[in-house]
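In case you want the letters, here they are:
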Amino acid sequence: FVAYTVSDFGWSGPMHSILRTPARHITRGRHARRSVDALRHKSSFARCLPASGVALSRSHRLTRPFSTETHEFKAETKKLLDIVAKSLYTHKEVFIRELISNASDACEKLRFLQTTQQVKDVSDSERPLQVTLSVNESERKFVIEDSGIGMTHDELIEHLGTIAKSGSLDFLQRGESDASKIIGQFGVGFYSTFVVADKVEVYTKTADKEKGEKGYLWTSDGSGSFTITDCDDVPRGTKIELTLKDDATEFCKLATVKKAAQKFSSFIDFPIYVTEEGEPKPINKQEALWMKSSATEEQHLEFFRFLSGNSYGKPWYTLMYQTDAPLSIKSCFYVPDPDNAPSRMFTKDPEIGISLHSRRVMVKKHADGVIPKWLHWMKGIVDCEDMPMNISRESMQDTRLMEKLSMAVVRRILRFLQQEAKKDPEKYQKFFKGYSYFLKAGVIEDKEGNFSRHKDDLLKLLRFECSNKSKGELISLEEYIDMAKEGQQNIYYFTCPDRQTAMSSPYMEQFIQRQRNVILMFEDIDEFVVNAIEGFKDKKFVSVDSADKNFELDLDKPEEPENQDARVLTEEEQTQMQKFIRDVLKEKVQEVKFSDRLVSSPAIVTSIITPHMRKMMKSLMAGKENDGLGNIPMTLELSPKHHIVTTLHTILKANEPVARIAVEQLYDNACIAAGTLDDPRVLMSRLNKVLEMFVYQGAGYDYAKGEYRISDSAEAAPKEEVKAEESKEATATSSSGSSGSSGSGSKFEEVKP
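Residue numbers restart at each chain and count upward from 1, following the sequence in its written direction. Two thresholds apply to this predicted model, a pLDDT of at least 70 for residue-level local features and 80 or more for giving and counting side-chain atom pairs, whereas whole-chain, interface and lining totals are computed over all residues. Hydrogens are left out, water is left out, and the side-chain values use all remaining heavy atoms of the structure.

Enquirer: So, the overall build of the chain: which residues are in play, and what are the values?
Expert: Secondary structure elements are taken from DSSP: a helix is a run of H or I of four residues or more, a strand is a run of E of two residues or more, and numbering for both begins at the N terminus. A tally of helices and strands in the chain yields 24 helices and 24 strands. Exposure is judged per residue with a 1.4 Å probe applied to protein chains only, and the accessible area is read against the type maximum: over 50% gives exposed, under 20% gives buried, and values in between give partly exposed. Out of the 753 residues in the chain, the part that is buried amounts to 50%. Pairs at least 24 apart in sequence give 70% of the contacts found in the chain among residues at least 6 apart. All accessible areas in this document rest on Shrake-Rupley with a 1.4 Å probe, and a residue is counted as covered only by the protein chains that are shown. As presented, the chain carries roughly 37900 Å² of accessible surface, and 48% of it is formed by carbon and sulfur atoms. Contacts were defined at the residue level, with two residues in contact if any of their heavy atoms lie within 4.5 Å.

Pasting the structure below:
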């Protein structure tokens, strides 16, 4: 018989010097013991030898050969292995997730086979089902061990020797387990180890005694081949030992491994331990609550705080959602307290607070692509068994199925909020005040990126103040329609800074007079929301400050007493006024017209875009030399029966300079009411002239005659003083440049209606 040689053990390098002693000496005396002990120390392969201090007898040599088999990977090339190991995974830490998932599958398979009596005699039956992680910094080692099903010699070749051969998938296809409990189905997760390891060693022993009680060592450096060696003293299950590369030594640090394991595998169905200072410590204490059909309030509170990373706070709303159609989804969602709602100033590119899992294993910490950005403030987990993952399990592969998943989850969240709004309106109102901006942003983003698929559900969640309700009281769009007058086809709204400004605006006069309800919108985003949705339930949105809109004035004509003495401009007088005003304002207005929409104000300005939108666009384009807003045509609308307008007509010829200043001031006042006056400082010169009029008129100055009126009871003002005052007034007029003339004609002339 042939004695052992170096090649029999697969030893090379330094190991060769240990066996320079002739083979006949190995079985005799102290030398044999020293040689075997040396091998045990210097090579992990020594674990496959008999116990320390036992000589290799001649009979042992002949009947227990520890042979090493070398195999090539089946039907794969070195290049393919390089792709899997070096290019498939974007983050190195993912290998920890893959190995823990494989370990969990191994434990699940054994549990199922024991339950169904398919495995009756289990090796190491007293050993509990668990997963253990450990590291050795000095030797650059990462070790993961499970007490699951293990593998036989043939299974090692079949499952680890063939890339993309999944034992878990075979297990499912045979119908031997519940698919929801099996994680790995691709068969490439194991090869993620070569992303970080120069050498991979797998110690394994099958749990089924009927298949054998022998252990094996599988070894490979990822170069395209592997070896399998018989091994003694291997416990049930699988142990994977990685010798890490120089650029992956971070994974032999306990803190790094622990953080990664908690990140990806906090909800694995079996205990996961990390060996710290020789003691195993659990890291997945938190239960996978979303997998349950129900949970207590205390469990939800604990889970919410776990997801939030805080030891305080309570969820405002809680939703557990499970369904089998259109996909198998198990999920749990939480709405944080509105008092802790994120600030818009610091959410330019927020991270999604909901993570994506598949069979308890985290696939994406931030489930973008499934959860839209405007729901980033929610906390929770979505677990989809049918998730169309790519082979690295880092992203979804089938875009259509991903859209189905997103559609189902988002729709359920929005309809849940609708239910809560009806159940407890007061509680929902507080929620809306905290998260209104994000829901409104959702309307806009949903149109731009999702074809408005959630528009109706989102609009039902919006709340606004209205003119016919008290301050602070909110109504929904559905409630507005219920309150609308019979035959009303429009939803009237007004975007303004606050309620007081809205109710005193000239644009609201006709609606207040008719007691017609108007939605009041106070947030800057509201105007964009309305432009994005256009209508709700066949009703069109119409802004009260828009131009050339049908305000349905025939619906509810106001009952007001006829004032026979009130003067109203005739059509001819209106034409004269229009021509004069266009000559004065020139390019500032495109059109001057008379309107019946005004009740107590003389004039308003309108445009193709609302004044509020114009103001917002102006602020967005601040700093640009030409923002284009100056070229947007404006329309000046006048009331033909307002006393300021009728009086203005009487002085067109009698005192044209004053009439010109009055027209400019009338236009500026209308712009102030609309909130579109860019710089109020331009009004100072004209306002000073108006102040001058009041002061001089109070002093008795007669603007028509250009002199002071002196009453019988009062002393006549010295002529020198009058002349000095007139000289001073003429100087002030010429310096202001607003009236465009000098002399007594530059004085204001007030004519009472």
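So that's the structure; there's more coming.
Enquirer: I'd love a proper account of helix 18 (residues 525–533), names of residues and values included.
Expert: Along an α-helix, residues three or four apart share an orientation, since each turn contains 3.6 residues. Judged by how many residues are buried, helix 18 sits mostly within the fold: seven of nine residues are covered. Along helix 18, the residues that are buried comprise Ile525, Asp526, Glu527, Val529, Val530, Ala532 and Ile533.

Enquirer: So what's going on with the packing of helix 6 (residues 94–115) against helix 10 (residues 254–265)? Which residues, and what values?
Expert: Where helix 6 contacts helix 10, the two axes come as close as 9 Å, and the packing angle between them is 60°. If you check the angle between helix 6 and helix 10, you find them oblique. Regarding helix 6 and helix 10, the two cross each other, and that crossing is right-handed. Of the residues in helix 10, those touching helix 6 at Val94, Ile96, Arg97 and Ile100 are Val257, Ala260, Ala261, Phe264 and Ser265. Fitted lines through C-alpha atoms give the axes, limited to the stretch in contact for helices. The angle between two N-to-C directions lies from 0 to 180 degrees. Roughly parallel refers to an angle under 35 degrees, roughly antiparallel to one over 145, roughly perpendicular to one between 65 and 115, and oblique to any angle outside these ranges. Helix crossings fall into two classes, left-handed where the near helix is turned counterclockwise from the far one by less than a right angle and right-handed where it is turned clockwise.

Enquirer: Pulling in residues and values, what's your account of the sheet that holds strand 21 (residues 603–607)?
Expert: Strands were regarded as paired on the criterion that DSSP finds at least two bridges between them. The strand order across the open sheet built from three strands is 20-22-21, with neighbouring strands paired in mixed fashion. The open sheet is flanked by strand 20 (591–594) and strand 21, the only strands paired with a single partner. For this sheet the average axis-to-axis angle between neighbouring strands, irrespective of direction, equals 25°.

Enquirer: If you had to explain the pairing of strand 19 (residues 539–543) to someone new, which residues and values would you point to?
Expert: Extensive coverage of strand 19 is indicated by the burial of four of its five residues. As defined by bridge partners, strand 16 (residues 490–495) adjoins strand 19 across four bridges and the pair is classed as parallel. Within the sheet, the bridge partner assigned to isoleucine 491 lies in strand 19 and is phenylalanine 541. Here strand 18 (residues 535–536) pairs with strand 19 via two bridges, running antiparallel. Looking at strand 19, one finds that phenylalanine 536 is bridged to lysine 539. With antiparallel pairing between neighbouring strands as the criterion, strand 18 and strand 19 make up a hairpin whose turn holds two residues, including lysine 537 at a positive phi of roughly 50°.

Enquirer: Can you explain the nonpolar core? Please cite residues and give values.
Expert: To qualify as a nonpolar core, a set must consist of buried Ala, Val, Leu, Ile, Met, Phe, Trp, Tyr and Cys residues joined through side-chain atoms within 4.5 Å. Of all hydrophobic cores here, the largest spans 99 residues; its most connected members are Phe431 and Leu636. Non-local contacts of phenylalanine 431, meaning those with residues more than four positions away in its chain, are made with Trp316, Tyr317, Val335, Pro338, Trp377, Leu417 and Leu439. Counting 40 residues, the second largest nonpolar core, distinct from the first, contains Ala103, Tyr191, Val195 and Leu242.

Enquirer: Would you mind going over the sheet that holds strand 15 (residues 465–466) in detail, with residue names and values included?
Expert: One open sheet accounts for five strands, arranged 15-17-16-19-18; its pairing is mixed. Looking at which strands have only one partner, the edges of the open sheet turn out to be strand 15 and strand 18. Along the sheet, helix 18 makes contact with strand 16, strand 17 (519–521), strand 18 and strand 19, crossing strand 16 at roughly 155°.

Enquirer: Tell me what's going on with the confidence of the model for the chain, and back it up with residues and numbers.
Expert: The predicted model of the chain has a mean per-residue pLDDT of 79, with 74% of residues at 70 or higher. pLDDT gives the predictor's per-residue confidence on a scale running from 0 to 100. Within the model, the stretch residues 49–65 combines pLDDT values under 50 with 33 contacts to residues more than four positions away or in other chains. Taken as a whole, residues 179–187 scores under 50 in pLDDT and shows 42 contacts with residues more than four places along the chain or in a different chain.

Enquirer: Give me the pattern of salt bridges: which residues, what numbers.
Expert: Here, a salt bridge means any Lys or Arg side-chain nitrogen found within 4 Å of an Asp or Glu carboxyl oxygen. Applying the stated criterion across every chain, the model contains 34 salt bridges. The residue aspartate 457 makes a salt bridge to arginine 415 at a minimum N-O spacing of 3.5 Å. One end of the pair, aspartate 457, is in helix 14 (residues 455–459); the other, arginine 415, is in helix 12 (residues 399–423), with 42 residues separating them in the sequence. Residue class for aspartate 457 comes out buried when judged on its relative accessible area of 7%. Residue classification places arginine 415 among the partly exposed residues on the basis of a relative accessible area of 39%.

Enquirer: So what about the side chain of glutamate 637? Which residues, and what values?
Expert: Among the secondary structure elements, glutamate 637 is positioned in strand 22 (residues 634–638). Reaching out from glutamate 637, the side chain makes a polar contact with the side chain of arginine 597 at a distance of 3.4 Å. Ignoring any residue separated from it by four or fewer positions in sequence, one finds glutamate 637 in contact with Lys593, Ser595, Arg597, Leu598, Pro602, Ala603, Ile604 and Thr606. Distance and chemistry together define a polar contact, namely a pair of N or O atoms within 3.5 Å, with one atom able to donate a hydrogen and the other to accept it when in protein, and with adjacent residues in sequence counting only for side-chain atoms on both sides.

Enquirer: Lay out helix 23 (residues 684–698) with the relevant residues and their values.
Expert: An expected span of 1.5 Å times one less than the residue number is assigned to each helix. Counted at 1.5 Å a residue, the expected span for helix 23 with its 15 residues is 21 Å, and the 21 Å between its end C-alpha atoms agrees. When helix 23 is considered as a whole, its buried residues turn out to be Arg686, Lys689, Glu692, Met693 and Tyr696. All buried residues of helix 23 project into a common sector of 105° when viewed along the axis, lining one side. Looking at helix 23, the residues exposed on the side facing more than 90 degrees away from the buried face are Leu691, Phe694, Val695 and Gly698. Glycine 700 lies just past helix 23 and shows a positive phi near 95°. To obtain the arc, one takes the directions from the helix axis to the C-beta atoms.

Enquirer: How would you sum up the environment of alanine 341? Please name residues and give values.
Expert: Counting through the fold element by element, alanine 341 comes out in the loop between strand 11 (329–336) and strand 12 (354–358). Assessed through its relative accessible area of 21%, alanine 341 is described here as partly exposed. Taking the C-alpha atoms as reference points, alanine 341 and phenylalanine 431, 90 residues apart in sequence, are found 9.2 Å from one another. Among all residues touching alanine 341, those that are not within four sequence positions of it are Gly434 and Tyr435.

Enquirer: Give me the packing of aromatic side chains: which residues, what numbers.
Expert: Pairing of aromatic rings covers Phe, Tyr and Trp, the last counted by its six-membered ring, and requires centre-to-centre distances within 6.5 Å; plane angles under 30 degrees mean stacked, over 60 mean edge-to-face, and any other angle means tilted. Using the criterion set out here, one finds 26 aromatic pairs in the structure. Measuring from ring centre to ring centre gives 5.2 Å for phenylalanine 95 and phenylalanine 142, while their planes differ by 75°; the resulting arrangement is edge-to-face. In this pair, phenylalanine 95 is assigned in helix 6 and phenylalanine 142 in strand 3 (residues 141–146), connecting sequence segments 47 residues apart. Like phenylalanine 142, phenylalanine 95 is buried. The interplanar angle of 80° and the centroid separation of 4.6 Å between the aromatic rings of phenylalanine 267 and tryptophan 290 together place this pair among those described as edge-to-face. Highlighted residues: phenylalanine 267 in the loop between helix 10 and strand 8 (272–276) and tryptophan 290 in the loop between strand 9 (279–282) and helix 11 (297–308), separated in sequence by 23 residues. No difference in accessibility class separates phenylalanine 267 from tryptophan 290, as the two residues are buried. Taken together, the aromatic side chains of Tyr317, Trp377, Phe416, Tyr428, Phe431, Phe432 and Tyr435 make up a single cluster linked through ring pairs. Here the guanidinium or amino end of lysine 427 rests over the ring plane of tryptophan 316, the centre of that ring lying 5.5 Å away. A ring has a charge above it when a Lys NZ or an Arg CZ is no more than 6 Å from the ring centre and no more than 35 degrees off the ring normal.

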